[in-house]
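Spelled out, the chains give:
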Amino acid sequence: IRETTSEKGNSNYSDMKLLSEKLMQKEFKKGDVIPVIMRIAPVYTSEYSQNLLDRVYDPKDDVAFIFNEGDYGFKFCCVFNLVDFISAIVAGPQGRYEGIYNICDTRQTTAKEIIDHEREHNRIGAVVQRSPSMGLTISKSKAKTDYRYFDPSNTFMNWNYDNTKAQRISPFRWNLSNTK
């Protein structure tokens, strides 16, 4: 997902966010405010890992799971990367960084890395290995209205957010392994 391409939403939440981006850009053109719009991936820290767990935990069966070996990935954003980016924007010259930026870690975080991290912090018990055909139930209507709904059919799509433009401002040096 590129920073320079206009996107199409697939849920009420994403439609609302995209509409607000367009309205903000339109409104800011009339004034003196310089818009910096951040599209932030789900955030985490070493202590706050709920967004990570949502990708590897089935609340219905009350068990963590991975498909195959867990080598598929998700895009997240360490809160420290977000803080670094905001600090760089504030410290930069007025008006230099106008635009839309994808704020996320430089590489995907695999399901196996999430499981290993949660085990290391004693926050996860048994992990069930599932085959992709034995996935969780999919509710397209719930995905449209609940922005936190995780659709397992999207697991192997490995969505990749292009944060090249944002990396010119901040290095995004934090990831799951060094955010102790």
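Above this note sits the structure.
Predicted model, so just to flag it, every value in this text is computed and none were measured.

### Looking at the packing of aromatic side chains
Then, in step 1: In this structure the tally under the stated criterion is eight aromatic pairs.
Then, in step 2: The interplanar angle of 90° and the centroid separation of 5.7 Å between the aromatic rings of Tyr72 and Phe74 together place this pair among those described as edge-to-face.
Then, in step 3: Looking at Tyr72, the relative accessible area reads 2%, which means it is buried.
Then, in step 4: Take Phe74: its relative accessible area is 8%, and that puts it in the buried class.
Then, in step 5: Residues Phe85 and Phe172 carry aromatic rings whose centres are separated by 6.2 Å and whose planes lie at 20° to one another, so their mutual orientation is stacked.

### Thoughts on helix α4 (residues 111-120)
Then, in step 1: Buried within α4 we find Ala111, Ile114, Ile115, His117 and Glu118. Each buried residue of α4 lies within a common arc of 165° when the element is viewed along its axis, so the set occupies one face.
Then, in step 2: Asn122 occupies a position one or two residues after α4 and carries a positive phi of about 55°.

### Quick word on the pairing of strand β1 (residues 36-40)
Then, in step 1: Only one face of β1 is buried, namely the one carrying Ile37 and Arg39, since none of Val36, Met38 and Ile40 on the opposite face is buried.
Then, in step 2: Where β1 and strand β7 (residues 99-103) come together, five bridges link them in parallel fashion. For Val36, the partnering residue across the bridge sits in β7 and is Gly99.

Quick notes on the rules
- Residues numbered from 1 in each chain as written.
- Predicted model: local features only at pLDDT ≥ 70, side-chain atom pairs only at ≥ 80, totals over all residues.
- Heavy atoms only, no water.
- Phe/Tyr/Trp six-rings, centres within 6.5 Å; stacked < 30°, edge-to-face > 60°.
- Buried < 20%, exposed > 50% of the residue type's maximum accessible area, 1.4 Å probe, protein only.
- Helix = DSSP H or I, 4+ residues; strand = E, 2+ residues; numbered from the N terminus.
- Arc of directions from axis to C-beta.
- Pairing = 2+ DSSP bridges.

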